Amino acid sequence: MKKWFENWFDSKYYHILYKSRNHREAAFFLDNLIQKFEIPLSSSILDLACGKGRHAVHLFDQGMEVTGIDLSKNSIALAKTHEAEGLNFDVHDMRLPYKENHFDYVLNLFTSFGYFEDSNDNLRVLKSARTNLKPNGILIIDYFNSHLVLKNLIHNEKKIIDEIEFSITRKVEDNKVVKQIDIEHNNSNSQFEERVSLFDLKSFEFLFEQSGFSIVDIFGDYQLNRFSEKESPRLILAVQKVKL
């Protein structure tokens, strides 16, 4: 059987539900990262779980050499419409190394981590990211703040987008936020699921220790303010590849 992320991320309804994602906010965040880390032009960047490529395209427009990878064939097909020399997209499982010692930076953005039932798979993602990085390369993970998510969890929600009705329920199960998405469209019904782990800072610290990374900096929002467990909307971690 396919995993939930294989079904949901390759569905047309996934792109419809999330089509209003804020591109301006994404560009603002990336520009702040470029300034904060003084990322040189022509740096080689891997966008891990790139989706349709909105982050990769903006980085390319700033002069970076960018590759985006994602398991979703449909997402990569859409991303490939933006391809150019220095901007490439590929279908690839982020649990597996892509290009050894090739990238200056690996980015994993918009809570594109913690999808797997087997905790070893999450560790495999980090170890593969480390393999993809050049010596002393930087991995940046942009995750939700699990403490704030738990505090503000919306259990039931309905949305109508393009005459499609989305009924969304959320619960916490096995230390994961489980989102069930029921869809009614043209007198037919579909059902999908999201399951994302509630990793907090201590969880990530343990994973980084196991995978060969050292924390460089921690931020709590896209303005790169300091992280506060009680108040920050995001948990953004910058970690550096270290020798094992």
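Sequence order sets the numbering: in each chain, residues are counted from 1 along the sequence as written. Residue-level local features of this predicted model are given only where pLDDT is at least 70; pairs of side-chain atoms are given and counted only at 80 or more, and the full residue set underlies all totals for whole chains, interfaces and linings. Side-chain measures here rest on the full set of heavy atoms in the structure, leaving out hydrogens and waters.

A. Up close: the overall build of the protein chain. Looking only at helices and strands, the protein chain has 8 helices and 11 strands in total. For the radius of gyration, the atoms used are the C-alpha atoms, and the globule rule reads 2.2 Å times the number of residues raised to 0.38. For a compact globule of 244 residues, the expected C-alpha radius of gyration is about 18 Å, and the protein chain comes in at 18 Å, within 12% of that figure. If you line up the protein chain on its principal axes, its C-alpha atoms span 55 × 40 × 35 Å. For the protein chain, buried positions account for 52% of its 244 residues. The numbering of helices and of strands both runs from the N terminus, where a helix is a DSSP run of H or I of at least 4 residues and a strand a run of E of at least 2. Partly exposed describes any residue whose relative accessible area lies between the buried limit of under 20% and the exposed limit of over 50%, with all areas from a 1.4 Å probe on protein chains only and scaled to the type maximum.

B. Layout of the sheet that holds strand E7 (residues 164–173). Whether two strands pair comes down to DSSP finding at least two bridges between them. The antiparallel open sheet is built from 4 strands, whose spatial order is E6-E7-E8-E9. Where the open sheet ends on each side, the last strands, each with one partner, are strand E6 (156–161) and strand E9 (188–197). Here the average twist between neighbouring strands, direction ignored, is 20 degrees. Pairing between E7 and strand E8 (residues 176–185): 9 bridges, direction antiparallel. Residue pairing for E8: arginine 170 is matched across the bridge by lysine 179. Axis lines are fitted to C-alpha atoms, over the contacting stretch for helices. Their N-to-C directions set the angle, which ranges from 0 to 180 degrees.

C. Main features of the sheet that holds strand E2 (residues 65–70). Pairing within the open sheet is mixed, and its 7 strands lie in the order E3-E2-E1-E4-E5-E11-E10. Edge strands, defined here as strands with exactly one partner in the open sheet, are strand E3 (87–91) and strand E10 (213–219). Sheet twist, expressed as the mean angle between neighbouring strand axes with direction ignored, is 20 degrees. Against the sheet, helix H6 (residues 119–132) contacts strand E1 (44–48), strand E4 (103–108), strand E5 (133–144), E10 and strand E11 (234–241), and its axis sits at roughly 140 degrees relative to E5. The contact definition used throughout considers only heavy atoms, calling two residues in contact when any of these lie within 4.5 Å.

Geometric values such as these leave the question of function open.
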